[in-house]
Amino acid sequence: MSSSVIDFIATEARFGARNYEPIGVVLSRGEGVWVWDTEGNRYLDCLSAYSAVSQGHCHPKILAAMVEQAHRLTLTSRAFHNDQLALFYEEIAALTGSHKVLPMNSGAEAVESAIKSVRKWGYEVKGVPDGQAEIIVCANNFHGRTLGIVGFSTDPETRGHFGPFAPGFKVIPFGDATALEEAINPNTVAFLVEPIQGEAGVVIPPAGYFTEVRALCTANNVMLVLDEIQTGLGRTGKLLAEQHEGIEADVTLLGKALSGGFYPVSAVLSNNDVLGTLRPGQHGSTFGGNPLACAVARAALRVLVEEGMIENAALQGARFLEGLKAIRANTIREVRGRGLMLAVELHPEAGRARRYCETLQGKGILAKDTHEQTIRIAPPLVITSDQVDWALERLATTLTQDFS
Ligand SMILES: *Cc1c(COP(=O)(O)O)cnc(C)c1O
């Protein structure tokens, strides 16, 4: 290890808030599925910045759109119109079949904006008494890190010593439609849920769950808000994960890959009058909808479709899952996934997933553990069959360890 590597890590530790515990690698370059560290070692990125870099690192067409726009105009604020926002609205609405769009920056901001919007809709359209709106969420959810959001997290690490929190949220188990039915009351305005729980360890609900959820929400005039910040934009092998279930959300949240990893861009999409309740002055963001963000997002959406990344995610995801299932290793408890959103859950006796991620690093693969026992695998959607096979070989030798 050269001194420069030690310096970067030690300097981060000295000055930075220690709210992360990164794997010991310092990256300085990326291209497609590959990243390089400061020593010139190459790694296959099996995290894709939690699915934000789905289009591959430094995609040349997104880069060109960003540079071109940065030369012309970056920020106007929404006090004035710009010549990119309308085109972004038009293109994302056409692609997703949405009627209204609210542009924000981070994923958490999109979630917060949806919460504000469905509450307002509840009071002004559904007729819920002021201050009484309830939103139902799921246990083990992950929707971001703001105070409003961590207040309805069920993870003690996420909530601990950050209160007091805002009221108005009810937690039910994920994947249990009966629990939803029982939790709904006349003041329920929305059910906020991830199609597949990402941070919880790629938890896929039982078949038919979302059909029942959709029916319950419709029957009770409850807005179904799908947080597709991680599952959306091709990650699961469809444009939106809701398409696997044959349903349509009332409100869809996108972020992460909406910019291909170049810039924070998120959006609230709505299929009805939820966003229509917002009047001038009632919600906003200085950077939300800025021309640079819009130009980047437009290019990120264009390459996703034009370069067949969604179809490739379905194809390579199936190959990856089949390959993982074929690994006969006593460390593996379960393998699961949809498209290129995959996870290997280890047996408790196998030790912490973190250790395996560090072994994988030594073999040229960067992956990230989640919840002690799970290795999450989510490479960019541009991965090829050869690269999947290359990764599988290394995963097989890493997971086939004698821990007895
Ligand atoms: C990452 C993520 C968020 C939060 O996005 P940020 O950009 O980190 O604020 C919200 N919901 C889901 C499902 C996510 O995966």
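Structure shown above.
My aim in this report is to walk through the structure given alongside it, one point at a time.

### Points about the packing of helix H4 (residues 85-96) against helix H11 (residues 291-306)
Point 1. The N-to-C vectors of H4 and H11 enclose an angle of 30°; their axes lie 9 Å apart at closest approach. Classified by the angle between their axes, H4 and H11 sit roughly parallel to one another. Both H4 and H11 take part in a crossing whose hand is left-handed. Along the contact surface, H4 presents Leu-85, Leu-87, Phe-88, Glu-91, Ile-92 and Leu-95, while H11 presents Cys-294, Ala-297, Arg-298, Leu-301 and Val-305.

### Some points on the site of the ligand
Point 1. The immediate surroundings of the ligand are formed by Ser-106, Gly-107, Ala-108, Phe-142, His-143, Gly-144, Glu-194, Asp-227, Ile-229, Gln-230 and Lys-256.
Point 2. At 2.6 Å from an oxygen atom of the ligand is found a side-chain nitrogen or oxygen belonging to Lys-256.
Point 3. Here the ligand has 390 Å² of accessible area as a free molecule, and 80% of this is covered by the chains.
Point 4. When grouped by side-chain class, the residues that make up the shell around the ligand number three nonpolar, five polar and three charged.

### Observations concerning unusual backbone geometry
Phi is mostly negative for residues that are not glycine, and the peptide bonds are mostly trans.
Point 1. The omega angle of the peptide bond from Gly-163 to Pro-164 is 5°, so this bond is cis rather than trans.
Point 2. Inspection of the secondary structure assignment puts Pro-164 in the loop between helix H7 (156-159) and strand E6 (169-172).
Point 3. Its identity is not glycine, yet Ser-48 carries a phi of approximately 55°, on the positive side.
Point 4. Within the secondary structure layout, Ser-48 lies in helix H2 (residues 48-51).
Point 5. With relative accessibility at 0%, the residue Ser-48 sits in the buried group.

### Points about H4
For an α-helix, 3.6 residues make a turn, and residues three or four places apart therefore share a direction.
Point 1. Helix length check: H4, at 12 residues, gives a terminal C-alpha distance of 16 Å against a target of 16 Å (1.5 Å per residue), a fit within 8%.
Point 2. Turning to H4, its buried residues number three or more, namely Leu-85, Phe-88, Ile-92, Ala-93 and Thr-96. In an axial view of H4, the angular spread of the buried residues amounts to 120°, which keeps them on one side of the axis. Exposed residues lying more than 90 degrees from the buried face of H4 are Ala-86, Glu-90 and Ala-94.
Point 3. Contact partners of the buried residues in H4: strand E4 (100-104), strand E9 (251-254), strand E10 (266-270) and H11.
Point 4. Where H4 ends, the next residue or the one after it, Gly-97, has phi of about 70°, a positive value.

### Digging into the pairing of strand E3 (residues 42-45)
The side chains of a regular strand alternate between both faces of the sheet.
Point 1. Direction of pairing for strand E2 (residues 34-37) relative to E3: antiparallel, over a ladder of three bridges. Paired with Trp-36 across the strands is Arg-42, a residue of E3.
Point 2. Where E2 hands over to E3, the hairpin turn is made up of four residues, of which Gly-40 adopts a positive phi near 90°.
Point 3. Bridge count between E3 and strand E13 (residues 365-366): two bridges; the pairing is parallel. Counterpart to Asp-45 in the pairing with E13 is Leu-366.

### Looking at the sheet that holds E2
Hydrogen bonds along the backbone pair up the strands of a sheet, which may run parallel or antiparallel.
Point 1. The mixed open sheet is built from four strands, whose spatial order is E1-E2-E3-E13. This sheet does not close on itself; its edge strands, each paired only once, are strand E1 (27-31) and E13.

### Quick word on the nonpolar core
Point 1. Among the nonpolar cores identified, the biggest contains 68 residues, and Leu-258, Phe-320, Leu-324 and Ile-375 are the most heavily contacted of them.
Point 2. The leading source of residues in this core is H11, at 10 residues.
Point 3. By size, the runner-up hydrophobic cluster in this structure holds 27 residues, among which are Ala-108, Ile-135, Val-251 and Leu-253.

### A few points about the side chain of Thr-277
Point 1. Relative to the helices and strands, Thr-277 resides in the loop between E10 and H11.
Point 2. Sequence-distant contacts of Thr-277, defined by excluding residues within four places in its chain, comprise Ser-117, Lys-120, Trp-121, Glu-124, Val-125 and Gln-282.

### Comments concerning the pattern of salt bridges
Point 1. Applying the stated criterion across every chain yields a total of 18 salt bridges.
Point 2. Close ionic contact of Arg-394 with Glu-393 constitutes a salt bridge, the shortest N to O distance being 3.9 Å.
Point 3. The partly exposed category is assigned to Arg-394, whose relative accessible area is 22%.
Point 4. Judged by relative accessible area, which is 52%, Glu-393 ranks as exposed.
Point 5. Each of Arg-333, Glu-334, Arg-336 and Glu-345 takes part in a single network of salt bridges with overlapping partners.

### Regarding the packing of aromatic side chains
Point 1. A complete count under the given rule lists five aromatic pairs for this structure.
Point 2. Three or more aromatic residues joined by ring pairs form one cluster here, namely Phe-174, Tyr-209 and Phe-210.
Point 3. Of note, Arg-29 hangs over the ring of Trp-36, and the distance from its end group to the ring centre comes to 3.9 Å.

### Quick notes on the environment of Ser-266
Point 1. Within the element layout of this structure, Ser-266 appears in strand E10.
Point 2. Among the residues examined, Ser-266 registers a relative accessible area of 0% and is labelled buried.
Point 3. Residues Ser-266 and Lys-170 lie 96 residues apart in sequence; the distance between their C-alpha atoms is 25 Å.
Point 4. Once you skip the residues sitting within four places of it in the chain, Ser-266 turns out to touch Leu-102, Pro-103, Met-104, Asn-105, Ser-106, Gly-107, Ala-110, Leu-254, Gly-255 and Leu-258.

What counts and how
- Residues numbered from 1 in each chain as written.
- Predicted model: local features only at pLDDT ≥ 70, side-chain atom pairs only at ≥ 80, totals over all residues.
- Heavy atoms only, no water.
- Axes fitted to C-alpha atoms, helices over the stretch in contact; angles between N-to-C directions.
- Helix = DSSP H or I, 4+ residues; strand = E, 2+ residues; numbered from the N terminus.
- Parallel < 35°, antiparallel > 145°, perpendicular 65-115°, else oblique.
- Left-handed = near helix turned anticlockwise from the far one by under 90°.
- Contact = heavy atoms within 4.5 Å.
- Near = heavy atom within 4 Å.
- Polar contact = N/O pair within 3.5 Å; in protein donor to acceptor, adjacent residues only side chain to side chain.
- Areas by Shrake-Rupley, 256 points an atom, 1.4 Å probe, with all protein chains shown as cover.
- Nonpolar A, V, L, I, M, F, W, Y, C, P; charged D, E, K, R; others polar.
- Buried < 20%, exposed > 50% of the residue type's maximum accessible area, 1.4 Å probe, protein only.
- Expected span 1.5 Å × (residues − 1).
- Arc of directions from axis to C-beta.
- Pairing = 2+ DSSP bridges.
- Core = buried A, V, L, I, M, F, W, Y, C linked by side-chain atoms within 4.5 Å.
- Salt bridge = Lys/Arg side-chain N within 4 Å of Asp/Glu carboxyl O.
- Phe/Tyr/Trp six-rings, centres within 6.5 Å; stacked < 30°, edge-to-face > 60°.
- Lys NZ or Arg CZ within 6 Å of the ring centre and 35° of its normal.

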